[in-house]
Amino acid sequence: MSKIGVFICHCGENISATVDVERVAREIGGMEGVAHAIDYKYMCSDPGQTFIKEAVKKYGLDGVVVGACSPRMHEPTFRRACAEAGLNPYLCEMANLREHCSWVHEKSEETTEKAIDLVKMMVEKVKKNKPLDSIKVPVTKRALVIGGGIAGIQASLDIANTGHKVILVERDPSIGGHMSQLSETFPTLDCSQCILTPRMVEVAQHPNIKLYTYAELESLEGFIGNFKAKIRLKAKSVNYSTCTGCGACIQKCPVKKIPSEFNAGLGTRTAIYVPFPQAVPNKPVIDRVNCNYYKRGACKICEKTCQVGSIEWDKEDEIITEEVGAVVLATGFDVKGTDFFPEYGYGQYKDVLTGLQFERLASASGPTFGEIRRPSDGAIPKKIVFIACAGSRDPAKGIPYCSKICCMYTAKHAMLYQHKVHDGESTVFYMDIRAGGKNYEEFVRRAIEEDTVNYVRGRVARVYEKNGKLIVKGVDTLLGGEQVEIEADMVVLATAGVANCGSEQLAQKLHVSYDPYHFFAEAHPKLKPVETNTAGIFLAGACQAPKDIPETVGMASGAAVKVAALFSNDELVREPVVAVVNRLAPPLYSTCVGCFMCETACPYNAIEHEEIKGRDGSLIRTIARVNQGLCQGCGTCVAFCRSKSIDIQGYTNEQVYAEVMSLLND
Amino acid sequence: MKKLRDRAAELLSQGVVSLVIGYEEGTKRPRPLFCRNSEGAEKLIFDSHCFHNLAVYITKKELVGKERFAVTAPISTLRSIMQLYVENQLSEEKLLVITVDLSGELREFTTFDEIAAYVAQFELKRGEREQEILSKIEGMTREERWKFWMEEMSHCFKCYACRSACPLCYCSKCVVEVNRPQWINPWPAPLANMEWHINRAMHMVGRCTACGACGDACPVGIPVDLITRKMMEDLAPEFGYVPGQPAKQGNALSSWKLDDREQFIR
Ligand SMILES: Cc1cc2nc3c(=O)[nH]c(=O)nc-3n(C[C@H](O)[C@H](O)[C@H](O)COP(=O)(O)OP(=O)(O)OC[C@H]3O[C@@H](n4cnc5c(N)ncnc54)[C@H](O)[C@@H]3O)c2cc1C
Ligand code: SF4
Ligand code: SF4
Ligand code: SF4
Ligand code: SF4
C-alpha cells in the first residue's frame with residue numbers, strides 16, 4: 001500500500017480564513033494509503049519544508065501532496081524539499097487550495113469539503129505517480145537573428161560581444177531598417193544615419209557575426225538549444241567576393257525610373273542598385289523584376305562596365321542550413337500608405353505624404369537633399385498640415401491600437417519644417433498628445449512654444465485638391481467643434497504602424513503566436529516581454545508592437561541577455577512532462593499501430609517515425625516516437641490516439657482518470 | 001469472370017503475387033476466398049453481390065505474409081484501401097489491387113494515386129436503406145434521436161462484430177481492451193453500450209469511408225454504420241471534405257490549414 005504524506009498549508013490566513021484546514025488534514029489522514037497528514041501555518045517556510053523532509057524519512061513516504069497555493073508558485077520549492085529528503089521530486093504534487101478554493105469561495109462547510117476533494121484527487125493521482133528524471137538537452141551556442149533593423153543590429157552586437165556566434169539574416173540588400181530612412185530623431189534631434197551607420201559597420205566587421213543580406217528564413221526545425229534553420233540566399237546576380245563596390249554599373253544602368261524603396265517612393269533607383277550610400281554591405285544587387293536582361297533577354301550593360309567581371313547572370317537562389325540554439329525575431333514593422341485613406345484622397349494627391357516620406361524629404365541624403373519641397377512641383381510649401389492618428393485608434397479602420405511613435409515624430413516633423421522654412425506655417429491635428437518618455441513632453445512643448453507649431457485638437461474629415469492647394473477640413477474640438485478649413489500646400493499623414501508584410505507566415509514557420517494585427521506575441525505582457533511562447537525564440541523591437549528607437553534598443557539588449565543566459569549552459573534541463581509512446585516486449589513492441597494521426601495533430605512537430613527492425617535488419621513495424629526536446633507536453637496527441645498508446649509523463653491517462661474517479665466514487 | 005480467373009491464375013503461377021484475396025460463391029451470398037495457387041483461382045467471382053469489404057484482411061500480417069499479394073475490390077473497398085494508405089497501413093510495393101470497371105473490363109492498380117484518381121470518378125450516394133433510415137433520423141429532434149439510439153444500442157451485446165468487420169479498426173489493442181484505466185466498461189448494459197458506441201464513433205470521425213461493413217455485420221441489426229456515415233457526410237460542408245474520398249493529410253479533427261476559412265482559429 002502507498003505511504004503518502006499530506007501537508008496542508010494555512011498560507012497565513014489566505015487559506016485558513018475560509019477553509020477548516022485542520023478538518024482537511026484530519027479527514028485526509030483517514031484515507032487509504034495516507035501515512036501522515038498535518039497542517040501548518042506556512043508550509044513554504046523553512047520549518048514547513050523541514051516537516052516535509054523529516055516526514056519523508058520518518059514514515060518512508062512514497063508520495064507527497066502539499067495542499068497550498070498554486071503550483072506555479074511553489075511546486076519547485078516542495079519538489080526540491082522532497083528531493084533533498086531522497087524522494088524523487090516528481091512524486092510530489094500540489095493541490096491548489098488557495099486560487100482554486102479559499103480565494104474564490106466564502107467561509108463555509110462546502111468550501112472545506114471542496115478543499116478535501118481537491119486534496120483527495122491529488123492523493124489518488126500521486127498513488128499512480130512514477131519517479132521521473134528531468135530531461136537534458138545539449139545547447140548549440142549560436143544565435144540566429146532575423147531582421148537587420150536597429151533591433152536586430154543591437155541584439156546581434158550584444159550577443160556577439162558575449163563571445164557567441166551570431167547569424168544575422170536581412171531580407172533587404174542592406175541592413176539598417178527604418179532607422180536608416182529617418183532624418184533626425186526625437187527627442188534629441190540627432191541625425192539618425194550618424195548614430196546608426198557606425199553600428200552597421202560594426203556588424204559587418206564583427207568577427208562573431210555572419211551577415212546574410214538579401215536572405216530570408218525558409219524553415220525552422222528543432223527546439224530550444226537545437227534549431228536547424230534553412231535560409232534562402234536570394235540571387236544577387238553580383239559576386240560579392242570580387243565586387244569592389246565601385247558603383248560603375250549603377251551609373252550605366254539604363255533602367256533608371258524605378259521608385260526607390262529607401263526613399264519611400266519619392267526618388268528613383270536603377271535596376272542594379274545599392275539602396276543608399278551608407279548601405280552595409282555597400283555592394284549592388286540586380287532587381288530581376290525590373291532588369292532589362294531578365295525581362296527581355298538583352299542589355300548586359302552593367303556586365304560591360306564591371307572591371308572585375310562580378311556580374312553573375314545565371315546565379316540561382318541558394319538554400320543553406322545553419323544550426324543555432326536560439327532565435328531573435330527582429331523583423332520590425334511597416335507603415336500604412338496614403339492609399340489606405342479614401343478621405344485623404346486614396347493616395348492620388350502627390351502632396352499628401354506619409355510620415356516616412358516626410359522623413360526622406362527632411363533627410364540630407366534624401367531626394368531633395370534635405371529641403372522640404374512638394375513632390376508635385378518642387379515648390380517649398382508655405383502652409384503644411386500634419387494629421388496625427390491617421391488610421392491608428394480607429395476601430396472602423398481595423399486598427400484600434402495607438403501606434404505610439406506618431407505623436408512624437410509628428411512634433412519632430414513640424415519642428416524640422418519650422419527650422420527649414422522660416423516663414424512657413426504648420427498645423428498639427430491631433431486626438432491626444434501622447435508624450436510619455438524621458439524628455440518627450442518637453443520636446444513637444446518646445447515644438448508648440450518655441451517653434452510656434454499650431455496644435456489643433458480634432459479630426460480631419462476630408463482632404464481634397466483645389467487649384468493646386470490641398471483643402472483640409474476638420475474640427476477643433478477644444479473650441480466646441482468649430483469647423484476649421486486650411487488651404488495647405490502639403491499634408492503629412494502620421495499613418496498607422498502595422499505588422500511587417502509576411503509576419504504571419506514567418507510566425508507560422510517559427511510556431512510563435514501573434515496578435516490579431518499580426519504583431520508577434522510576447523509570452524507574458526509584463527513579466528516575459530521578450531520571450532515568445534516557443535522556448536528559445538525571443539523578440540526584439542517593433543515586430544512585437546510599434547515602438548521607438550530607445551525602447552527597441554532596450555528590448556534588443558534584453559533579448560540578447562536571454563540568449564546569453566541560455567548559452568551559459570552546456571545542457572538544458574527540462575521538466576520530463578512530455579509525451580511518450582508505450583513500448584512493450586516483442587512481438588508487440590508497442591500498442592501503437594503507426595497510424596500517425598498524432599503526427600498530424602501535434603502542434604510542435606514533435607512526433608517522429610521509429611522503425612522497429614528485426615535482428616536481420618528487416619523492418620518489422622513503424623511506430624511513433626516523441627522527440628522529447630520538441631514536445632511541449634500539451635497532450636493533443638493523447639486525446640487523439642485511438643489505441644491509447646501515447647501518454648504524458650506525470651499526467652498519464654491513468655493518473656487523470658484516478659483523479660476524476662476519486663470524485664465520482666464518493 | 002473468366003478474365004479475372006485467368007489473370008489471377010497467371011499472377012499466382014508466375015509468382016507475381018503469393019496470394020489473391022477475392023470472392024467465391026457462398027450459401028447465401030459471396031464469401032471471401034484466399035487463393036494461393038491457380039486451381040484456387042478457378043473459384044473466383046466478382047459481381048454486384050460482392051460487397052463484403054475485403055480490405056479488412058489486408059492489414060492482417062499473419063494472413064498476407066511478407067510477399068506481394070492481390071485483392072479484388074469493388075469501389076467501396078477501394079475507398080477503404082485509400083484511407084488505410086493515408087493512415088500508413090499499406091505500402092505500394094506489397095499490394096496489387098484489381099477491380100472490374102463499369103464496362104466489365106479488368107483494371108489493375110499498382111499505385112495509390114491511380115486508385116485515388118479512379119475513386120474520384122464515383123460519387124458517394126446513399127442507398128435505399130440508408131436514405132430511408134437517415135431521413136427518418138434527420139427529421140427527429142435531438143431528444144428523439146437520443147431515444148432512438150438508446151433503444152437501438154440497448155440490443156448491442158458487445159460481440160464486436162462491427163469492429164471486426166471494419167477495415168479501419170486495425171489497432172492491435174482496441175480502446176475497449178485498455179484496462180489501465182478502464183475507459184469502457186466491458187459488460188453489455190445501456191450506459192456501457194453507449195460508452196462503446198460513442199467511442200467507436202469518435203474514433204471513426206473523418207476516417208469512415210461509408211462501406212457499411214459494420215452495419216452489415218451486426219447480428220442484431222443495429223444500423224451502426226449510419227452514425228459514422230452521417231458524420232462523414234457532414235464533414236463535407238463543414239470541413240470541405242469530399243465524402244468517401246480519403247483525406248490526404250491527417251484528419252478533420254487534427255489537421256489545420258493556413259487558409260482555414262474560420263478566422264478565429266488563426
Ligand atoms: C516616420 C517615422 C519616424 C520615426 N522617427 C523616430 C524618431 O525620431 N525617434 C525614434 O526613436 N523612433 C522613430 N521612429 C521609430 C523607429 O523607426 C523604430 O523604432 C525602429 O525602426 C524599429 O526598429 P526595428 O529594428 O524593430 O524595425 P525596422 O526598422 O522595421 O527593421 C526591421 C528590419 O527587418 C527586416 N525584415 C523584415 N522582415 C524580414 C524577414 N522576414 N526576414 C528578414 N528580414 C526581415 C527589414 O528589412 C528591416 O531591415 C520613427 C518611425 C517612423 C515610421
Ligand atoms: S501513438 Fe497512437 S495516434 Fe500515434 S501513431 Fe501510434 S497509434 Fe497512431
Ligand atoms: S504532447 Fe503535444 S507537443 Fe507533445 S507530442 Fe503530444 S501533441 Fe506533440
Ligand atoms: S462503414 Fe463501418 S465498417 Fe465501414 S469504414 Fe465506416 S465504420 Fe468502418
Ligand atoms: S456488431 Fe452489433 S451487437 Fe456486436 S458490438 Fe457491434 S453493434 Fe454491438
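Residues numbered from 1 in each chain as written. Chains lettered and ligands numbered in written order. Predicted model: local features only at pLDDT ≥ 70, side-chain atom pairs only at ≥ 80, totals over all residues. Heavy atoms only, no water.

Caption draft 1: Quick peek at the environment of B:Val242. Residues and elements named next belong to chain B. Tracing the sequence through the fold places valine 242 in the segment after α11 (224-239). A residue is classified by how much of its surface remains accessible, and valine 242, at 44% relative accessible area, is partly exposed. Each C-alpha atom of the pair valine 242 and methionine 204 lies 16 Å from the other, and the pair is 38 residues apart in sequence. (Helix = DSSP H or I, 4+ residues; strand = E, 2+ residues; numbered from the N terminus. Buried < 20%, exposed > 50% of the residue type's maximum accessible area, 1.4 Å probe, protein only.)

Caption draft 2: A look at the state of the cysteines. Residue and element names in this part refer to chain A. A full pass over the atoms with the stated rule returns one disulfide over all chains. Distance from the sulfur of cysteine 253, which forms no disulfide, to the nearest cysteine sulfur (cysteine 299) is 6.3 Å. Cysteine 253 sits in the buried class, given a relative accessible area of 8%. (Disulfide = S-S within 2.5 Å.)

Caption draft 3: Layout of the packing of aromatic side chains. Counted according to the given criterion, the structure contains 20 aromatic pairs over all chains. One aromatic cluster in this structure is built from A:Tyr293, A:Tyr294 and A:Trp313. Looking at A:Lys125, its charged tip hangs above the ring of A:Tyr651, at a distance of 3.9 Å from the centre. Between the NZ or CZ atom of B:Arg163 and the centre of the ring of B:Tyr160, over which it lies, the distance is 4.7 Å. (Phe/Tyr/Trp six-rings, centres within 6.5 Å; stacked < 30°, edge-to-face > 60°. Lys NZ or Arg CZ within 6 Å of the ring centre and 35° of its normal.)

Caption draft 4: Region of the structure containing the domain arrangement of chain A. Domain parsing of chain A yields domain 1 (4-132), domain 2 (142-234 + 317-332 + 500-571), domain 3 (248-305), domain 4 (334-498) and domain 5 (579-648). A straight line from the C-alpha centre of domain 1 of chain A to that of domain 2 of chain A covers 44 Å. (Domains from an automatic or database assignment.)

Caption draft 5: Fine view of the side chain of A:Thr213. Residue and element names in this part refer to chain A. Mapped onto the elements, threonine 213 comes out in the loop between β10 (209-212) and β11 (215-223). Taking the relative accessible area as the measure of exposure, threonine 213 reaches 4% and is therefore buried. Excluding residues within four positions of it along the chain, threonine 213 makes contact with Glu170, Asp172, Pro173, Ser174, Ile175, Lys236, Val280 and Pro281. (Contact = heavy atoms within 4.5 Å.)

Caption draft 6: Just the site of ligand 5, in detail. Neighbouring ligand 5 are 14 residues; B:Cys156, B:Cys159, B:Tyr160, B:Cys162 and B:Cys218 lie closest to it. Counting only elements with at least two residues in the shell around ligand 5, the list comes to α8 (161-165) and α9 (190-204) of chain B. (Near = heavy atom within 4 Å.)

Caption draft 7: Summary view of the site of ligand 4. Residues and elements named next belong to chain B. Near ligand 4 you find Cys166, Arg200, Met204, Cys208, Thr209, Ala210, Cys211, Gly212, Ala213, Cys214 and Thr228, and these make up its full shell. Of all the elements in the fold, those that place two or more residues in the shell around ligand 4 are α9 and α10 (213-217). Taken together, the residues that form the shell around ligand 4 break down as seven nonpolar, three polar and one charged. (Nonpolar A, V, L, I, M, F, W, Y, C, P; charged D, E, K, R; others polar.)

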